[in-house]
Amino acid sequence: MWNVAFAEIRKLRRPTLFFGTMGAVVFFSALFSSLLFLLIDSPQGNSDRGRMVGREVLGLATGGVQGFSSVGGFLGIIALCVFAAQTAQEYTYGTLRNLLVRQPGRLRILLGKFIAMKLFALVMIVLSAVVSIGASVILAPGAKVTTDLWFGSDGRHAIFTTFINVVISVIGFGTIGMVLGLLLRSPISAISLGVLWLLIVENLLIAVKNSWEQWLPGAQLTAIASGGSATGRSAGIDYSHALLVGGIYVAVGAAIASFLFVRRDVAN
Amino acid sequence: MSTTAISVTDLSKKYGDQVAVSHATFEVPLGTICGFVGPNGSGKTTTMRMLLGLISPTGGTGEILGESIKHPEKYLPRVGAMIEGPAFYPALSGKENLNVLATLGGFSTDRVQGLLEQVGLGDRGKSKFKTYSLGMKQRLGIAAALLPNPKLLMLDEPTNGLDPEGIQEVRALLRSLANEGTSVFVSSHLLSELELISDYLVMLRKGEVVFTGKMTDLMLAQQPVIIAKSINESELIKLLAIAEQAGHHGVIRDGAVHVQGPADWAVEFNRAAFDAGITLSQLTPQLPNLEETFFEMTGDK
């Protein structure tokens, strides 16, 4: 399993993929956090969906991670794409047969790939946290936001819990990406379906009936990233509910995909 | 200890109603080069996939290096394989692709450069796989198959896309590996290719094994063909009649009479033609090649 993980890391560290993904993470993390402070007085709002996050909220102990928690869902989408592509490309390139000849334990292959991709996601999240919090610290004085509480005991706790929540959420999104990659066996199909569902279909369904928000996978994982707090689409989702329902989606999806991966003939 | 590299009994694979491989039974002795021949679609790749644990048989049993094919994890660390052509990550270099596979299999990456040189890619190892020609990709596939220092090498159409020089190099490489004790199971639809290197042969047609055994046994069992040409092509029918009167089956093909019969009958054939007033411009006793033998055995063409 560890051999598979190390082999996967060799693929994940290739410059185009690694620096391309990390570049996107840096850009969007800086953007989400910057907008919070640069548009603080804008009547159109300074957060996602025109929400207003005022100076009094940003001045709280959790203020320093507002940007980071907002970008959590976006990091999830990136993880979904990376996990889906890395999994499905083994089918489209025909490289899965090479992997299976060298490592016939199919579950080991899945677990090894999963570990490597989790590490990749972790690097993404750490980078995002550094950039988001760093941008917040730099821009807070200009926006007349006090940062006194950000790095106190409560502030450090907020950074830690937000980090953990974003990790859970991103790994959840990534696992869904991996499941889609295994089921659809094509990076384009897996990414398209995943992104389309999360960004468009779920929003349409929620617009049709608001209570469906409680049961849709993307909504649960986004809610986990923001700690179930009243942000964005996850306004009405309790954290523990999101953790339970999101966890069930991820676990069932992973179980079905693993079963099929282990049993299915590799004939391409 | 097993004396066979591969041993299968009644191995079958069905996809719905379609039979891909039907009750294949054969053995490949250790240390030989075994040609696995058959036309496209005859079930060669499907059989290889079953032997490598990529697909499950719908019937039958098999052993590789003494281990059941139900447990590929027991023998695959000693098996090198290239199946269905070379498949690698296009954005990685040839060397990095091999490093990925070496890491995966728990082999030392120190071997990689040496293997690249062995297959003639020593100076192109750092180029991305997507820039390789078909022949270079094929060479990289062979290098990947050699990574585990295999006891059994299974190659599916390894000379596809190679130029004549490359084909010769692959032949020499396989022969030297066999001389060092590696068993080689190599498939091809190009029968002439395998005729040159195989010690042993498994012939497949429409999913069924039609011959398995030593190459020499197969070829020696074949009747030689006597090819006769007359100065006057209109006399070929007369020549054919002479052969058939003497009890030998023949056909007219490519402007000559091809008669099955022992080589020493050629003298009598020549005399009979002379007595009939036919002057021959060519009279050649010839053993059929593998391709002709295959068609003869399968009744094709």
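Residue numbers here run from 1 along each chain, matching the order of that chain's written sequence. Working convention: letters from A go to chains and numbers from 1 go to ligands, in the order in which they are written. Predicted model: local features are reported for residues with pLDDT of at least 70 only, side-chain atom pairs are reported and counted for 80 or more only, and whole-chain, interface and lining totals are derived from all residues.

Participant: Help me understand the overall build of chain B, please; the structure alone is not making it clear to me.
Facilitator: The number of helices and strands found in chain B is 11 helices and 14 strands. Taken along the three principal axes of its C-alpha coordinates, chain B extends 75 × 45 × 35 Å. Counting only residues that meet the buried cut, chain B has 43% of its 301 residues in that class. Considering only contacts in chain B between residues 6 or more positions apart, those separated by 24 or more positions represent 68%. Think of it this way: any DSSP run of H or I at least four residues long counts as a helix, any run of E at least two long counts as a strand, and we number them from the N terminus. Three exposure classes are used, all based on how many other C-beta atoms lie within 10 Å of a residue's own C-beta (placed from the backbone): buried at 20 or more, exposed at 12 or fewer, and partly exposed between those limits. Note that contacts rest on C-beta atoms placed from the backbone: two residues are in contact if these are within 7 Å.

Participant: Sorry, what's going on with the nonpolar core here?
Facilitator: Generally speaking, nonpolar side chains in soluble globular proteins are found buried as a group. Counting 141 residues, the largest nonpolar core has Leu75(A), Ala79(A), Ala143(B), Met154(B) and Phe185(B) as its most contacted members. In terms of residue count, the dominant contributor to this core is helix H4 (residues 66–92) of chain A (13 residues). Sequence-distant contacts of Ala79(A), defined by excluding residues within four places in its chain, comprise Ala121(A), Met124(A), Val170(A), Phe173(A), Gly174(A) and Gly177(A). Listed in part, the 11 residues of the second largest apolar core include Ile226(B), Ala256(B), Val259(B) and Phe269(B). In this usage, the nonpolar core is the set of buried Ala, Val, Leu, Ile, Met, Phe, Trp, Tyr and Cys residues whose C-beta atoms join them within 7 Å.

Participant: How should unusual backbone geometry be read in this particular structure?
Facilitator: Residue and element names in this part refer to chain B. One non-glycine residue with positive phi stands out, namely histidine 23, at about 45°. Assignment of secondary structure puts histidine 23 in strand E2 (residues 18–29). Residue class for histidine 23 comes out partly exposed when judged on the 15 C-beta atoms lying within 10 Å of it. The phi angle at lysine 206 is positive, at roughly 50°, despite the residue not being glycine. Relative to the helices and strands, lysine 206 resides in the loop between strand E9 (200–205) and strand E10 (208–214).

Participant: Help me understand the environment of Lys11(A), please; the structure alone is not making it clear to me.
Facilitator: Within the secondary structure, Lys11(A) sits in helix H1 (residues 2–12). Those residues in contact with Lys11(A) that lie beyond four places of it in its chain are Tyr89(B), Leu92(B) and Val100(B).

Participant: Can you help me understand the UniProt feature "domain: ABC transporter" (unreviewed entry) in chain B in this one?
Facilitator: When the UniProt feature table is mapped onto this chain numbering, "domain: ABC transporter" (unreviewed entry) sits at residues 6–231 of chain B. Secondary structure content for residues 6–231 of chain B is 33% helix and 31% strand, while the C-alpha to C-alpha distance between its ends is 52 Å. UniProt positions are given in the numbering used here, feature names are shortened, and annotations may be inferred rather than shown by experiment.

Participant: Before we go on, may I ask you to explain the interface of chain B and chain A in this structure?
Facilitator: Accessible area lost when the parts come together is the quantity often used to give the size of an interface. At the junction of the two partners, chain B supplies 26 residues and chain A supplies 23 residues. Any residue outside Ala, Val, Leu, Ile, Met, Phe, Trp, Tyr, Cys, Pro, Asp, Glu, Lys and Arg is labelled polar, Gly included; the first ten of those are nonpolar and the last four are charged. Across the side of chain B that touches chain A, the residue classes tally to 16 nonpolar, six polar and four charged.

Participant: What should I look at first to understand the pairing of E10(B) in this one?
Facilitator: Sheet faces and side chains relate simply in a regular strand, where the side chains alternate between the two faces. Residue and element names in this part refer to chain B. Pairing between strands is defined by DSSP: at least two bridges between them are needed. Pairing between E9 and E10: six bridges, direction antiparallel. If you follow leucine 204 over to E10, its bridge partner there is valine 209. Here E9 hands over to E10 after two residues, with lysine 206 in that stretch at a positive phi of 50°.

Participant: Help me out: how do you make sense of the pairing of strand E7 (residues 152–156) of chain B in this one?
Facilitator: Residue and element names in this part refer to chain B. When you tally the buried positions in E7, you get five out of five residues, the bulk of the element. The two faces of E7 match: Leu152, Met154 and Asp156 on one face and Leu153 and Leu155 on the other face are all buried. Looking at chain direction, strand E6 (residues 79–82) and E7 are connected through four bridges and run parallel. From the neighbouring strand, alanine 81 faces E7, where its bridge partner is methionine 154. The pairing of E7 with strand E8 (residues 183–188) spans five bridges and is parallel. Considered in E8, the bridge of leucine 155 is made with valine 186.

Participant: How should the sheet that holds strand E12 (residues 250–253) of chain B be read in this particular structure?
Facilitator: Paired through backbone hydrogen bonds, the strands of a sheet run either parallel or antiparallel to each other. All names here are of chain B. If you trace the four strands from one edge of the open sheet to the other, you get E12-E13-E11-E14, paired in antiparallel fashion. Both outer strands of the open sheet, E12 and strand E14 (280–286), are each paired with one neighbouring strand and no more. When strand polarity is set aside, the average angle formed by the axes of neighbouring strands in this sheet is 20°. Sheet topology places strand E11 (residues 225–230) next to strand E13 (residues 256–260); four bridges connect them, and they run antiparallel. Whenever a helix is involved, its axis is fitted only over the stretch in contact; in every case the axis is a line through C-alpha atoms, and angles between N-to-C directions fall within 0 to 180 degrees.

Participant: Help me understand the domain arrangement of chain B in this model?
Facilitator: All names here are of chain B. Its domain assignment divides chain B into domain 1 (4–216) and domain 2 (225–298). Residue ranges for the domains originate in an automatic or database domain assignment. If you average the C-alpha positions of domain 1 and of domain 2, the two centres end up 40 Å apart. Contacts between domain 1 and domain 2 engage nine residues on the former and six residues on the latter. Every element with two or more residues in the side of domain 1 that touches domain 2 is listed here: helix H7 (191–197), E9 and E10. Considering every element that reaches the side of domain 1 that touches domain 2, the biggest residue donor is H7, with four residues. When the residues that make up the side of domain 1 that touches domain 2 are grouped by side-chain class, the tally is six nonpolar, one polar and two charged.

Participant: Even after reading the chapter, I still don't get H1(A), so can you show me in this structure?
Facilitator: Since one α-helical turn is 3.6 residues long, residues separated by three or four positions face the same way. Restricting attention to buried positions, one finds in H1(A) the residues Val4(A), Ala5(A), Ala7(A), Glu8(A), Arg10(A) and Lys11(A). In the core, the buried residues of H1(A) are packed alongside helix H6 (106–139) of chain A together with helix H3 (94–105) of chain B.

Participant: Can you help me understand the confidence of the model for chain A in this one?
Facilitator: Predicted coordinates in areas of low pLDDT are best not read in detail. On average, residues of chain A score 87 in pLDDT, and 96% of them reach the 70 mark or higher. Below pLDDT 50 for its whole length, residues 230–234 of chain A participates in 17 contacts with residues either more than four positions away or in separate chains. A score from 0 to 100, pLDDT tells how confident the predictor is in each residue.

Participant: I'm lost on H4(A) in this one. Help?
Facilitator: All names here are of chain A. The length a helix should cover is 1.5 Å for every residue beyond the first. Across its 27 residues, H4 extends 40 Å between first and last C-alpha, which sits within 8% of the 39 Å expected from 1.5 Å per residue. Along H4, the helix axis deviates most sharply at glycine 72, where the bend reaches about 35°. The buried fraction of H4 amounts to 24 of the 27 residues, a majority that puts the element mostly inside the structure. Positioned one or two residues after H4, glycine 94 has a phi angle of 80°, which is positive. Fitting axes to the seven residues ending at a residue and to the seven starting there, one defines the bend at that residue as the angle between these axes.

Participant: Please explain the packing of helix H7 (residues 153–184) of chain A against helix H10 (residues 239–263) of chain A as it appears in this structure.
Facilitator: A pair of packed helices is characterised by two quantities: the angle between their axes and the separation of those axes. All names here are of chain A. Across the interface, H7 lies against H10 with an axial gap of 9 Å and an inter-helix angle of 30°. When the axis of H7 is compared with that of H10, the two are roughly parallel. Note that H7 runs across H10; the crossing there is left-handed. Residues Gly172, Thr175, Ile176, Val179, Leu182 and Leu183 of H7 touch H10, and the partners they reach there are Gly246, Val250, Gly253, Ala254, Ala257, Leu260 and Phe261. Its residues placed into classes, the contact of H7 with H10 shows nine nonpolar, four polar and no charged. An angle counts as roughly parallel when it lies under 35 degrees, as roughly antiparallel when it exceeds 145, as roughly perpendicular when it falls between 65 and 115, and as oblique in every other case. Helix crossings get a hand from a simple test, with the near helix turned counterclockwise from the far one by less than a right angle marking a left-handed crossing and a clockwise turn marking a right-handed one.

Participant: Even after reading the chapter, I still don't get the UniProt feature "transmembrane region" (unreviewed entry) in chain A, so can you show me in this structure?
Facilitator: All names here are of chain A. According to UniProt, the positions carrying the feature "transmembrane region" (unreviewed entry) are residues 17–40, 60–85, 115–139, 159–183, 190–208 and 242–262. Segment residues 60–85 splits into 77% helix and 0% strand. End C-alpha atoms: 39 Å apart. Secondary structure over residues 190–208 splits into 100% helix and 0% strand, and the C-alpha atoms at its two ends are 25 Å apart.

Participant: Would you mind going over the packing of H4(A) against H7(A) with me for this structure?
Facilitator: All names here are of chain A. Between H4 and H7, whose axes approach to 7 Å, the crossing angle comes to 30°. Put simply, H4 runs roughly parallel to H7. Viewed along their axes, H4 and H7 form a crossing whose handedness is right-handed. Partitioned by chemical class, the residues of the contact of H4 with H7 number 17 nonpolar, nine polar and no charged.

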